[in-house]
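So the chains spell out like this:
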Number of protein chains: 2
Amino acid sequence: MLTIEYDGSNFSGWQRQPNARTVQGEMEKVLTKVCGAKVELNGTSRTDAGVHALGQRASFKGEYGIPTDKIMNASNNHLCGGKRLGSLIGDIRIKNLEEKPLDFHARFDSKGKKYRYVIQNGGQVNIFRRNYCYYVEAPLDIESMKDAAKYIIGTHDFACFQASGSQIRETTVRTVYDLDVYKDSDDVILEISGDGFLYNMVRIIAGTLVEVGLGKIKPDKVKLAIDSGLRQNAGHTAPAQGLYLVEVYYE
Amino acid sequence: MLTIEYDGSNFSGWQRQPNARTVQGEMEKVLTKVCGAKVELNGTSRTDAGVHALGQRASFKGEYGIPTDKIMNASNNHLCGGKRLGSLIGDIRIKNLEEKPLDFHARFDSKGKKYRYVIQNGGQVNIFRRNYCYYVEAPLDIESMKDAAKYIIGTHDFACFQASGSQIRETTVRTVYDLDVYKDSDDVILEISGDGFLYNMVRIIAGTLVEVGLGKIKPDKVKLAIDSGLRQNAGHTAPAQGLYLVEVYYE
(Lines give C-alpha, C1' and ligand atoms only; values in the text may rest on other atoms or scores of the structure.)
Protein backbone atom coordinates (compact mmCIF):
# COMPACT_ATOMS: atom_id res chain seq x y z
CA MET A 1 0.00 0.00 0.00
CA LEU A 2 1.29 3.39 -1.03
CA THR A 3 0.60 6.77 0.55
CA ILE A 4 1.07 9.39 -2.13
CA GLU A 5 0.96 13.18 -2.29
CA TYR A 6 0.63 15.11 -5.52
CA ASP A 7 0.12 18.57 -6.88
CA GLY A 8 -2.77 18.07 -9.31
CA SER A 9 -2.09 21.25 -11.33
CA ASN A 10 -0.41 19.53 -14.24
CA PHE A 11 -2.36 16.27 -14.24
CA SER A 12 -5.53 15.28 -16.07
CA GLY A 13 -6.64 13.71 -12.78
CA TRP A 14 -5.86 10.36 -11.20
CA GLN A 15 -7.23 7.89 -13.68
CA ARG A 16 -5.04 6.39 -16.40
CA GLN A 17 -5.84 7.76 -19.88
CA PRO A 18 -4.18 6.92 -23.17
CA ASN A 19 -3.06 10.41 -24.23
CA ALA A 20 -2.97 12.49 -21.06
CA ARG A 21 -0.62 12.85 -18.12
CA THR A 22 -2.40 11.34 -15.12
CA VAL A 23 -1.21 10.42 -11.63
CA GLN A 24 -2.09 6.75 -11.99
CA GLY A 25 -0.42 6.67 -15.41
CA GLU A 26 2.82 8.27 -14.13
CA MET A 27 2.91 6.09 -11.03
CA GLU A 28 2.35 2.88 -12.98
CA LYS A 29 5.07 3.82 -15.47
CA VAL A 30 7.58 4.43 -12.69
CA LEU A 31 6.61 1.37 -10.59
CA THR A 32 6.75 -0.85 -13.67
CA LYS A 33 10.27 0.44 -14.36
CA VAL A 34 11.40 -0.05 -10.76
CA CYS A 35 9.77 -3.47 -10.28
CA GLY A 36 10.76 -4.76 -13.70
CA ALA A 37 7.25 -6.07 -14.36
CA LYS A 38 3.92 -4.50 -15.24
CA VAL A 39 2.30 -2.86 -12.20
CA GLU A 40 -1.39 -1.93 -12.05
CA LEU A 41 -2.41 0.41 -9.26
CA ASN A 42 -5.72 0.62 -7.42
CA GLY A 43 -6.26 4.11 -6.04
CA THR A 44 -8.86 4.98 -3.41
CA SER A 45 -9.99 8.24 -5.00
CA ARG A 46 -10.20 9.03 -8.71
CA THR A 47 -9.41 12.71 -8.22
CA ASP A 48 -10.27 15.07 -11.08
CA ALA A 49 -7.91 17.26 -13.08
CA GLY A 50 -6.45 19.96 -10.83
CA VAL A 51 -7.37 18.27 -7.55
CA HIS A 52 -4.49 17.73 -5.12
CA ALA A 53 -3.71 14.96 -2.65
CA LEU A 54 -1.81 14.98 0.62
CA GLY A 55 -2.58 11.36 1.42
CA GLN A 56 -3.95 9.40 -1.53
CA ARG A 57 -3.70 5.65 -1.01
CA ALA A 58 -3.15 3.00 -3.65
CA SER A 59 -2.20 -0.66 -3.72
CA PHE A 60 -0.66 -3.18 -6.09
CA LYS A 61 0.46 -6.74 -5.62
CA GLY A 62 3.28 -8.87 -6.89
CA GLU A 63 6.61 -10.46 -6.03
CA TYR A 64 9.43 -8.57 -7.70
CA GLY A 65 12.48 -9.66 -5.74
CA ILE A 66 13.06 -6.10 -4.49
CA PRO A 67 12.81 -5.11 -0.83
CA THR A 68 9.65 -3.02 -0.30
CA ASP A 69 11.54 -0.03 1.11
CA LYS A 70 13.79 0.09 -1.95
CA ILE A 71 10.75 0.42 -4.22
CA MET A 72 9.75 3.68 -2.54
CA ASN A 73 13.13 5.40 -2.77
CA ALA A 74 13.84 4.23 -6.31
CA SER A 75 10.37 5.36 -7.43
CA ASN A 76 10.74 8.75 -5.79
CA ASN A 77 14.04 9.24 -7.61
CA HIS A 78 12.32 8.48 -10.90
CA LEU A 79 9.42 10.78 -10.04
CA CYS A 80 11.87 13.68 -9.79
CA GLY A 81 12.80 12.91 -13.40
CA GLY A 82 10.00 15.32 -14.17
CA LYS A 83 12.25 17.96 -12.60
CA ARG A 84 12.94 21.11 -14.48
CA LEU A 85 14.54 24.45 -13.74
CA GLY A 86 16.94 22.85 -11.29
CA SER A 87 14.21 21.72 -8.93
CA LEU A 88 14.88 18.30 -7.47
CA ILE A 89 11.29 17.89 -6.41
CA GLY A 90 8.64 16.40 -8.67
CA ASP A 91 4.87 16.85 -8.49
CA ILE A 92 4.21 13.36 -7.09
CA ARG A 93 5.91 11.90 -4.05
CA ILE A 94 5.45 8.56 -2.32
CA LYS A 95 5.33 9.29 1.41
CA ASN A 96 5.03 5.72 2.59
CA LEU A 97 4.97 2.19 1.23
CA GLU A 98 4.09 -0.78 3.39
CA GLU A 99 3.33 -4.46 2.96
CA LYS A 100 -0.22 -5.64 3.58
CA PRO A 101 -1.88 -9.07 3.59
CA LEU A 102 -2.26 -10.40 0.03
CA ASP A 103 -6.02 -9.81 -0.08
CA PHE A 104 -5.70 -6.09 0.77
CA HIS A 105 -7.22 -3.62 -1.71
CA ALA A 106 -6.70 0.11 -1.13
CA ARG A 107 -10.14 1.13 -2.40
CA PHE A 108 -12.42 -1.70 -1.33
CA ASP A 109 -10.93 -1.88 2.16
CA SER A 110 -11.07 1.85 2.89
CA LYS A 111 -13.59 2.99 5.48
CA GLY A 112 -13.79 6.62 4.47
CA LYS A 113 -11.90 9.73 3.47
CA LYS A 114 -11.21 13.25 4.52
CA TYR A 115 -11.07 16.15 2.06
CA ARG A 116 -10.08 19.78 2.57
CA TYR A 117 -11.37 22.66 0.47
CA VAL A 118 -9.36 25.91 0.59
CA ILE A 119 -10.98 29.27 -0.16
CA GLN A 120 -9.00 32.50 -0.19
CA ASN A 121 -11.52 35.03 1.00
CA GLY A 122 -10.72 38.64 0.18
CA GLY A 123 -7.20 40.02 0.19
CA GLN A 124 -5.17 40.61 -2.95
CA VAL A 125 -5.45 38.23 -5.88
CA ASN A 126 -2.38 36.02 -5.52
CA ILE A 127 -1.28 34.60 -8.86
CA PHE A 128 1.05 32.17 -7.03
CA ARG A 129 -1.96 30.50 -5.41
CA ARG A 130 -4.10 30.31 -8.56
CA ASN A 131 -3.79 26.50 -8.71
CA TYR A 132 -4.09 25.97 -4.95
CA CYS A 133 -7.25 27.67 -3.74
CA TYR A 134 -10.59 29.17 -4.76
CA TYR A 135 -10.46 32.96 -4.68
CA VAL A 136 -13.71 34.50 -3.41
CA GLU A 137 -13.43 38.28 -3.18
CA ALA A 138 -16.59 39.23 -1.22
CA PRO A 139 -16.59 38.49 2.52
CA LEU A 140 -18.01 35.13 3.60
CA ASP A 141 -20.16 34.85 6.69
CA ILE A 142 -18.63 31.89 8.51
CA GLU A 143 -21.44 31.53 11.03
CA SER A 144 -24.03 30.98 8.28
CA MET A 145 -21.73 28.47 6.63
CA LYS A 146 -21.39 26.60 9.94
CA ASP A 147 -25.17 26.60 10.35
CA ALA A 148 -25.62 25.13 6.89
CA ALA A 149 -22.88 22.55 7.50
CA LYS A 150 -24.93 21.08 10.36
CA TYR A 151 -27.57 19.90 7.89
CA ILE A 152 -24.95 18.07 5.86
CA ILE A 153 -23.40 16.10 8.72
CA GLY A 154 -24.96 12.65 9.15
CA THR A 155 -26.45 9.96 6.93
CA HIS A 156 -28.49 11.40 4.06
CA ASP A 157 -29.38 10.84 0.46
CA PHE A 158 -26.95 13.30 -1.13
CA ALA A 159 -28.33 13.14 -4.69
CA CYS A 160 -28.53 16.97 -4.75
CA PHE A 161 -24.74 17.16 -4.33
CA GLN A 162 -23.97 14.80 -7.20
CA ALA A 163 -22.83 16.15 -10.57
CA SER A 164 -25.80 16.06 -12.93
CA GLY A 165 -25.31 13.42 -15.55
CA SER A 166 -23.38 11.16 -13.17
CA GLN A 167 -23.81 7.46 -13.71
CA ILE A 168 -25.90 6.33 -10.80
CA ARG A 169 -24.86 2.77 -10.19
CA GLU A 170 -26.03 2.33 -6.65
CA THR A 171 -27.40 4.32 -3.77
CA THR A 172 -26.74 8.05 -3.28
CA VAL A 173 -26.93 7.67 0.51
CA ARG A 174 -23.67 8.50 2.25
CA THR A 175 -22.59 9.36 5.78
CA VAL A 176 -20.71 12.59 6.42
CA TYR A 177 -18.86 12.10 9.71
CA ASP A 178 -17.88 15.72 10.13
CA LEU A 179 -17.85 19.02 8.25
CA ASP A 180 -15.77 21.73 9.81
CA VAL A 181 -15.68 25.36 8.63
CA TYR A 182 -12.96 27.61 9.99
CA LYS A 183 -10.85 30.65 9.23
CA ASP A 184 -7.08 30.55 8.80
CA SER A 185 -5.94 34.18 8.30
CA ASP A 186 -7.39 35.18 4.88
CA ASP A 187 -8.53 31.64 4.13
CA VAL A 188 -11.78 29.88 4.85
CA ILE A 189 -11.20 26.14 5.13
CA LEU A 190 -13.73 23.35 4.85
CA GLU A 191 -12.82 19.92 6.17
CA ILE A 192 -15.17 17.09 5.44
CA SER A 193 -14.89 13.42 6.31
CA GLY A 194 -17.27 10.61 5.42
CA ASP A 195 -17.63 7.01 4.39
CA GLY A 196 -17.75 7.91 0.71
CA PHE A 197 -18.48 10.76 -1.65
CA LEU A 198 -20.52 11.02 -4.85
CA TYR A 199 -19.01 12.44 -8.01
CA ASN A 200 -18.14 16.15 -7.41
CA MET A 201 -19.89 16.00 -4.02
CA VAL A 202 -17.22 17.89 -2.07
CA ARG A 203 -16.91 20.59 -4.73
CA ILE A 204 -20.70 21.07 -4.88
CA ILE A 205 -20.86 21.25 -1.08
CA ALA A 206 -18.05 23.83 -1.17
CA GLY A 207 -19.86 25.86 -3.86
CA THR A 208 -23.10 25.65 -1.89
CA LEU A 209 -21.44 26.79 1.34
CA VAL A 210 -19.76 29.67 -0.50
CA GLU A 211 -23.20 30.82 -1.69
CA VAL A 212 -24.47 30.49 1.87
CA GLY A 213 -21.51 32.57 3.07
CA LEU A 214 -22.32 35.22 0.46
CA GLY A 215 -25.96 35.33 1.61
CA LYS A 216 -27.29 33.96 -1.69
CA ILE A 217 -28.60 30.75 -0.09
CA LYS A 218 -30.12 30.70 3.42
CA PRO A 219 -28.61 28.01 5.67
CA ASP A 220 -31.92 26.14 6.09
CA LYS A 221 -32.35 25.96 2.30
CA VAL A 222 -29.49 23.47 2.38
CA LYS A 223 -31.68 21.08 4.32
CA LEU A 224 -34.43 21.56 1.73
CA ALA A 225 -31.95 20.96 -1.09
CA ILE A 226 -30.90 17.67 0.47
CA ASP A 227 -34.52 16.62 1.01
CA SER A 228 -35.41 17.48 -2.59
CA GLY A 229 -32.61 15.39 -4.04
CA LEU A 230 -32.37 17.90 -6.91
CA ARG A 231 -29.03 19.18 -8.13
CA GLN A 232 -30.54 22.54 -9.12
CA ASN A 233 -31.37 23.30 -5.48
CA ALA A 234 -27.72 23.14 -4.44
CA GLY A 235 -25.04 25.74 -5.27
CA HIS A 236 -22.39 25.81 -7.99
CA THR A 237 -19.52 23.36 -8.29
CA ALA A 238 -16.48 25.04 -6.72
CA PRO A 239 -13.35 24.77 -8.86
CA ALA A 240 -11.01 21.79 -8.66
CA GLN A 241 -7.91 23.66 -7.55
CA GLY A 242 -9.20 24.30 -4.02
CA LEU A 243 -9.68 20.60 -3.28
CA TYR A 244 -7.24 18.34 -1.41
CA LEU A 245 -7.66 14.65 -0.58
CA VAL A 246 -6.19 14.69 2.93
CA GLU A 247 -6.54 11.18 4.30
CA VAL A 248 -8.03 7.75 3.65
CA TYR A 249 -9.26 5.72 6.59
CA TYR A 250 -8.85 2.00 7.19
CA GLU A 251 -9.96 -0.21 10.07
CA MET B 1 4.79 52.07 -17.78
CA LEU B 2 3.48 48.74 -16.58
CA THR B 3 4.08 47.06 -13.22
CA ILE B 4 3.68 43.32 -13.75
CA GLU B 5 3.74 40.26 -11.55
CA TYR B 6 4.16 36.76 -12.88
CA ASP B 7 4.66 33.18 -11.80
CA GLY B 8 7.65 32.12 -13.90
CA SER B 9 7.00 28.36 -13.57
CA ASN B 10 5.47 27.91 -17.00
CA PHE B 11 7.48 30.51 -18.91
CA SER B 12 10.72 30.22 -20.84
CA GLY B 13 11.72 33.47 -19.17
CA TRP B 14 10.94 37.07 -20.01
CA GLN B 15 12.45 37.54 -23.43
CA ARG B 16 10.39 37.03 -26.59
CA GLN B 17 11.30 33.80 -28.46
CA PRO B 18 9.79 32.43 -31.64
CA ASN B 19 8.64 29.00 -30.35
CA ALA B 20 8.42 29.31 -26.59
CA ARG B 21 5.93 30.81 -24.14
CA THR B 22 7.61 33.87 -22.64
CA VAL B 23 6.31 36.72 -20.50
CA GLN B 24 7.26 39.40 -23.01
CA GLY B 25 5.72 37.34 -25.81
CA GLU B 26 2.42 36.83 -23.96
CA MET B 27 2.24 40.45 -22.87
CA GLU B 28 2.93 41.80 -26.36
CA LYS B 29 0.30 39.49 -27.86
CA VAL B 30 -2.34 40.69 -25.39
CA LEU B 31 -1.41 44.39 -25.56
CA THR B 32 -1.40 44.25 -29.37
CA LYS B 33 -4.90 42.76 -29.27
CA VAL B 34 -6.17 45.34 -26.77
CA CYS B 35 -4.51 48.36 -28.42
CA GLY B 36 -5.35 47.25 -31.95
CA ALA B 37 -1.80 47.92 -33.13
CA LYS B 38 1.54 46.22 -32.74
CA VAL B 39 3.02 46.81 -29.27
CA GLU B 40 6.69 46.21 -28.43
CA LEU B 41 7.56 46.10 -24.75
CA ASN B 42 10.78 47.09 -23.03
CA GLY B 43 11.23 45.20 -19.77
CA THR B 44 13.70 46.15 -17.06
CA SER B 45 14.85 42.62 -16.27
CA ARG B 46 15.19 39.72 -18.68
CA THR B 47 14.34 37.12 -16.07
CA ASP B 48 15.28 33.50 -16.84
CA ALA B 49 12.95 30.52 -17.16
CA GLY B 50 11.37 29.74 -13.79
CA VAL B 51 12.19 33.12 -12.21
CA HIS B 52 9.22 34.99 -10.75
CA ALA B 53 8.37 38.68 -10.54
CA LEU B 54 6.35 40.65 -8.04
CA GLY B 55 7.17 44.01 -9.58
CA GLN B 56 8.66 43.77 -13.05
CA ARG B 57 8.43 47.05 -14.98
CA ALA B 58 8.03 47.50 -18.69
CA SER B 59 7.16 50.33 -21.04
CA PHE B 60 5.75 50.85 -24.52
CA LYS B 61 4.66 53.91 -26.39
CA GLY B 62 1.91 54.78 -28.83
CA GLU B 63 -1.41 56.52 -29.26
CA TYR B 64 -4.20 53.96 -29.52
CA GLY B 65 -7.31 56.00 -28.78
CA ILE B 66 -7.99 53.96 -25.62
CA PRO B 67 -7.90 55.43 -22.11
CA THR B 68 -4.81 54.14 -20.29
CA ASP B 69 -6.79 52.62 -17.41
CA LYS B 70 -8.92 50.62 -19.86
CA ILE B 71 -5.80 49.01 -21.31
CA MET B 72 -4.90 47.49 -17.93
CA ASN B 73 -8.29 45.92 -17.21
CA ALA B 74 -8.85 44.65 -20.73
CA SER B 75 -5.36 43.14 -20.79
CA ASN B 76 -5.84 41.45 -17.43
CA ASN B 77 -9.06 39.90 -18.70
CA HIS B 78 -7.20 38.49 -21.69
CA LEU B 79 -4.37 37.27 -19.47
CA CYS B 80 -6.87 35.08 -17.61
CA GLY B 81 -7.61 33.46 -20.96
CA GLY B 82 -4.84 31.11 -19.95
CA LYS B 83 -7.19 29.97 -17.19
CA ARG B 84 -7.91 26.31 -16.74
CA LEU B 85 -9.60 24.13 -14.17
CA GLY B 86 -12.04 26.89 -13.31
CA SER B 87 -9.37 29.24 -12.06
CA LEU B 88 -10.05 32.82 -13.04
CA ILE B 89 -6.50 33.86 -12.30
CA GLY B 90 -3.74 33.67 -14.87
CA ASP B 91 0.01 33.50 -14.33
CA ILE B 92 0.67 37.12 -15.33
CA ARG B 93 -1.13 40.12 -13.92
CA ILE B 94 -0.68 43.82 -14.59
CA LYS B 95 -0.71 45.53 -11.20
CA ASN B 96 -0.43 49.09 -12.45
CA LEU B 97 -0.27 51.04 -15.69
CA GLU B 98 0.59 54.71 -15.78
CA GLU B 99 1.41 57.35 -18.35
CA LYS B 100 4.94 58.71 -18.42
CA PRO B 101 6.67 61.44 -20.47
CA LEU B 102 7.21 60.31 -24.07
CA ASP B 103 10.97 59.84 -23.63
CA PHE B 104 10.55 57.42 -20.69
CA HIS B 105 12.13 53.96 -21.06
CA ALA B 106 11.54 51.35 -18.34
CA ARG B 107 15.00 49.80 -18.57
CA PHE B 108 17.27 52.73 -19.39
CA ASP B 109 15.65 55.01 -16.81
CA SER B 110 15.72 52.51 -13.94
CA LYS B 111 18.12 53.25 -11.09
CA GLY B 112 18.31 49.78 -9.66
CA LYS B 113 16.41 46.67 -8.60
CA LYS B 114 15.62 44.54 -5.64
CA TYR B 115 15.53 40.72 -5.79
CA ARG B 116 14.48 38.18 -3.20
CA TYR B 117 15.81 34.63 -3.03
CA VAL B 118 13.74 32.12 -1.01
CA ILE B 119 15.34 29.02 0.52
CA GLN B 120 13.32 26.43 2.40
CA ASN B 121 15.76 25.20 5.00
CA GLY B 122 14.94 21.85 6.54
CA GLY B 123 11.40 20.72 7.26
CA GLN B 124 9.49 18.30 5.06
CA VAL B 125 9.91 18.39 1.30
CA ASN B 126 6.87 20.31 0.11
CA ILE B 127 5.92 19.36 -3.45
CA PHE B 128 3.56 22.35 -3.60
CA ARG B 129 6.53 24.72 -3.22
CA ARG B 130 8.79 22.95 -5.73
CA ASN B 131 8.53 25.85 -8.20
CA TYR B 132 8.69 28.59 -5.57
CA CYS B 133 11.77 28.04 -3.43
CA TYR B 134 15.14 26.26 -3.18
CA TYR B 135 14.93 23.33 -0.78
CA VAL B 136 18.10 22.92 1.28
CA GLU B 137 17.76 20.09 3.77
CA ALA B 138 20.82 20.57 6.03
CA PRO B 139 20.70 23.47 8.51
CA LEU B 140 22.14 26.78 7.35
CA ASP B 141 24.17 28.94 9.71
CA ILE B 142 22.59 32.37 9.24
CA GLU B 143 25.32 34.24 11.13
CA SER B 144 28.02 33.01 8.74
CA MET B 145 25.82 33.95 5.81
CA LYS B 146 25.39 37.45 7.24
CA ASP B 147 29.15 37.75 7.74
CA ALA B 148 29.74 36.78 4.12
CA ALA B 149 27.02 39.15 2.90
CA LYS B 150 28.98 42.11 4.33
CA TYR B 151 31.75 41.54 1.76
CA ILE B 152 29.22 41.72 -1.06
CA ILE B 153 27.59 45.01 -0.09
CA GLY B 154 29.19 48.01 -1.78
CA THR B 155 30.81 48.78 -5.13
CA HIS B 156 32.94 45.92 -6.43
CA ASP B 157 33.97 44.15 -9.57
CA PHE B 158 31.58 41.20 -9.42
CA ALA B 159 33.08 39.17 -12.27
CA CYS B 160 33.23 36.11 -9.96
CA PHE B 161 29.43 36.17 -9.65
CA GLN B 162 28.80 36.26 -13.40
CA ALA B 163 27.78 33.10 -15.27
CA SER B 164 30.86 31.78 -17.07
CA GLY B 165 30.51 32.22 -20.80
CA SER B 166 28.51 35.46 -20.38
CA GLN B 167 29.00 38.04 -23.06
CA ILE B 168 31.03 40.76 -21.40
CA ARG B 169 30.01 43.93 -23.12
CA GLU B 170 31.05 46.47 -20.54
CA THR B 171 32.27 46.68 -16.99
CA THR B 172 31.52 44.04 -14.35
CA VAL B 173 31.59 46.66 -11.60
CA ARG B 174 28.23 47.02 -9.83
CA THR B 175 27.00 48.52 -6.57
CA VAL B 176 25.06 46.34 -4.15
CA TYR B 177 23.09 48.72 -1.94
CA ASP B 178 22.04 46.13 0.58
CA LEU B 179 22.03 42.36 1.12
CA ASP B 180 19.85 41.16 3.94
CA VAL B 181 19.75 37.57 5.23
CA TYR B 182 16.94 36.59 7.57
CA LYS B 183 14.84 33.68 8.77
CA ASP B 184 11.07 33.45 8.22
CA SER B 185 9.90 30.26 9.99
CA ASP B 186 11.46 27.40 7.97
CA ASP B 187 12.69 29.74 5.25
CA VAL B 188 15.93 31.63 4.86
CA ILE B 189 15.38 34.74 2.76
CA LEU B 190 17.97 36.80 0.94
CA GLU B 191 17.07 40.30 -0.18
CA ILE B 192 19.49 42.11 -2.39
CA SER B 193 19.23 45.54 -3.97
CA GLY B 194 21.66 47.21 -6.29
CA ASP B 195 22.14 49.45 -9.29
CA GLY B 196 22.37 46.48 -11.64
CA PHE B 197 23.17 42.79 -11.73
CA LEU B 198 25.32 40.65 -14.00
CA TYR B 199 23.92 37.56 -15.69
CA ASN B 200 22.98 35.00 -12.97
CA MET B 201 24.58 37.21 -10.31
CA VAL B 202 21.82 36.89 -7.72
CA ARG B 203 21.58 33.12 -8.17
CA ILE B 204 25.35 32.71 -7.86
CA ILE B 205 25.37 34.90 -4.74
CA ALA B 206 22.53 32.77 -3.34
CA GLY B 207 24.40 29.53 -4.14
CA THR B 208 27.57 30.95 -2.59
CA LEU B 209 25.77 32.02 0.59
CA VAL B 210 24.12 28.59 0.84
CA GLU B 211 27.58 27.01 0.75
CA VAL B 212 28.73 29.46 3.40
CA GLY B 213 25.70 28.52 5.51
CA LEU B 214 26.57 24.84 5.11
CA GLY B 215 30.15 25.49 6.24
CA LYS B 216 31.63 24.57 2.84
CA ILE B 217 32.90 28.09 2.19
CA LYS B 218 34.30 30.31 4.97
CA PRO B 219 32.73 33.79 5.02
CA ASP B 220 36.05 35.57 4.35
CA LYS B 221 36.64 33.39 1.27
CA VAL B 222 33.82 35.37 -0.31
CA LYS B 223 35.97 38.49 -0.17
CA LEU B 224 38.82 36.54 -1.79
CA ALA B 225 36.44 35.25 -4.49
CA ILE B 226 35.39 38.80 -5.32
CA ASP B 227 39.01 40.01 -5.40
CA SER B 228 40.02 37.12 -7.66
CA GLY B 229 37.30 37.85 -10.22
CA LEU B 230 37.16 34.11 -10.93
CA ARG B 231 33.82 32.30 -11.25
CA GLN B 232 35.33 29.07 -9.90
CA ASN B 233 36.02 30.70 -6.52
CA ALA B 234 32.32 31.41 -5.95
CA GLY B 235 29.65 28.82 -5.13
CA HIS B 236 27.10 27.06 -7.32
CA THR B 237 24.27 28.77 -9.19
CA ALA B 238 21.16 28.39 -7.02
CA PRO B 239 18.11 27.25 -9.01
CA ALA B 240 15.81 29.69 -10.77
CA GLN B 241 12.63 28.86 -8.88
CA GLY B 242 13.78 30.55 -5.64
CA LEU B 243 14.29 33.93 -7.33
CA TYR B 244 11.81 36.82 -7.34
CA LEU B 245 12.24 40.25 -8.94
CA VAL B 246 10.65 42.37 -6.22
CA GLU B 247 11.00 45.97 -7.29
CA VAL B 248 12.54 48.29 -9.84
CA TYR B 249 13.69 51.71 -8.71
CA TYR B 250 13.32 55.01 -10.54
CA GLU B 251 14.40 58.53 -9.61
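Residues numbered from 1 in each chain as written. Chains lettered and ligands numbered in written order. Predicted model: local features only at pLDDT ≥ 70, side-chain atom pairs only at ≥ 80, totals over all residues. Heavy atoms only, no water.

A closer look at the interface of chain B and chain A
In step 1: Taken together, the 30 residues of chain B in the interface contact 30 residues of chain A.
In step 2: Both sides together, the interface formed by chain B and chain A hides about 2600 Å², and carbon and sulfur atoms give 59% of it.
In step 3: Inspection of the region where chain B meets chain A yields four salt bridges.
In step 4: Of the charged contacts in the structure, one is a salt bridge between A:Asp7 and B:Arg130, with a shortest N-O distance of 2.8 Å.
In step 5: On inspection of chain B and its partner chain A, the count reaches four residue pairs in polar contact (both at pLDDT 80 or more).
In step 6: Only strand S1 (2-6) and strand S3 (52-59) of chain B provide two or more residues apiece to the side of chain B that touches chain A.
In step 7: A class-by-class count of the residues in the side of chain B that touches chain A yields 14 nonpolar, ten polar and six charged. (Contact = heavy atoms within 4.5 Å. Buried area = accessible area lost by both parts, 1.4 Å probe. Salt bridge = Lys/Arg side-chain N within 4 Å of Asp/Glu carboxyl O. Polar contact = N/O pair within 3.5 Å; in protein donor to acceptor, adjacent residues only side chain to side chain. Helix = DSSP H or I, 4+ residues; strand = E, 2+ residues; numbered from the N terminus. Nonpolar A, V, L, I, M, F, W, Y, C, P; charged D, E, K, R; others polar.)

What about the packing of aromatic side chains?
All names here are of chain A.
In step 1: All told, the structure shown has 18 aromatic pairs over all chains when counted by the stated rule.
In step 2: On the numbers, 6.1 Å between centres and 40° between planes, the contact of Phe-60 with Tyr-64 is tilted. Neither residue differs from the other here; Phe-60 and Tyr-64 are each classed as buried. (Phe/Tyr/Trp six-rings, centres within 6.5 Å; stacked < 30°, edge-to-face > 60°. Buried < 20%, exposed > 50% of the residue type's maximum accessible area, 1.4 Å probe, protein only.)

What about the side chain of B:Asp91?
Residues and elements named next belong to chain B.
In step 1: Tracing the sequence through the fold places Asp-91 in the loop between helix H2 (68-79) and strand S4 (92-97).
In step 2: Exposure remark for Asp-91: the relative accessible area of 7% places this residue in the buried category.
In step 3: A distance of 2.9 Å separates the side chain of Asp-91 from the side chain of Arg-21, its partner in a polar contact.

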